Amino acid sequence: MASPFPRETVHIFDARGVARRFRHSAIFGALGALQPGEAMRFVNDHDPLPLIEQLQQRFGDALTVSYVQRDEHAVVIDFGVVA
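What counts and what doesn't
Throughout, a residue's number is its position along its own chain's written sequence, starting from 1. Totals for whole chains, interfaces and linings use all residues, but because this is a predicted model, local features are given only for residues with pLDDT of at least 70 and pairs of side-chain atoms are given and counted only at 80 or more. As a rule here, side-chain values cover all heavy atoms of the structure and leave hydrogens and water aside. Every helix listed is a DSSP run of H or I at least four residues long, and every strand listed is a run of E at least two residues long, numbered separately from the N terminus. For a helix, the expected span equals 1.5 Å multiplied by the number of residues minus one. Between buried and exposed lies partly exposed: a residue is buried under 20% and exposed over 50% of the maximum accessible area for its type, with that area taken using a 1.4 Å probe on protein chains only. Two residues form a contact once any of their heavy atoms are found within 4.5 Å. Definition of nonpolar core: a set of buried residues of the types Ala, Val, Leu, Ile, Met, Phe, Trp, Tyr and Cys, connected through side-chain atoms within 4.5 Å. Paired strands, as defined in this entry, are two strands with at least two bridges between them according to DSSP. To get an axis, a line is fitted to the C-alpha atoms, and for a helix only the part in contact is used. The angle between two axes follows their N-to-C directions and goes from 0 to 180 degrees.

J.: Residues and numbers for helix α1 (residues 20–33), please.
T.: Over its 14 residues, α1 extends 21 Å from the first C-alpha to the last, a length consistent with the 20 Å expected when each residue adds 1.5 Å. Those residues of α1 that sit buried are Arg-23, Ile-27, Phe-28 and Leu-31. Residues of α1 that are buried in the fold lie against β1 (10–14), β2 (39–44), α2 (49–59), β3 (63–70) and β4 (75–81).

J.: Give me the lowdown on the nonpolar core, citing residues and values where you can.
T.: By size, the foremost hydrophobic cluster in this structure holds 17 residues, and its most contacted members are Ile-27, Leu-31, Met-40, Phe-42, Leu-55, Ile-77 and Phe-79. Contributions of two or more residues to this core are made by α1, β2, α2, β3 and β4. Sorting elements by how many residues they give to this core places β4 first, with 4 residues.

J.: Give a description of the sheet that holds β2 that names residues and reports values.
T.: Spatially, β1-β2-β4-β3 is the arrangement adopted by the 4 strands of the open sheet, whose pairing is mixed. Among the strands making up the open sheet, the edge pair consists of β1 and β3. Going from strand to strand, the sheet's axes swing by 20 degrees on average, the running direction of each strand aside. Contacting β1, β2, β3 and β4, α1 runs over the sheet at an angle of about 160 degrees to β2. With respect to the sheet, α2 is in contact with β2, β3 and β4, its orientation differing from that of β3 by roughly 160 degrees.

Here's what the structure looks like:
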């Protein structure tokens, strides 16, 4: 799966290195800091379906979700912000 975003507009967020109790607030903060056309490449050890639902409720149509990798080794998602 390829990312729809140019490399220079993608910012890496590796959730595996963030303490669980801080993850959701850190993710919400990182997404809130993105400018339209930018993406956060989210890396995790599992598919965060409840988190995706929360993000979609909060950001609505301004958020895009594009899986880059989805297998037993890692899940990589580009969360994008549109104008």
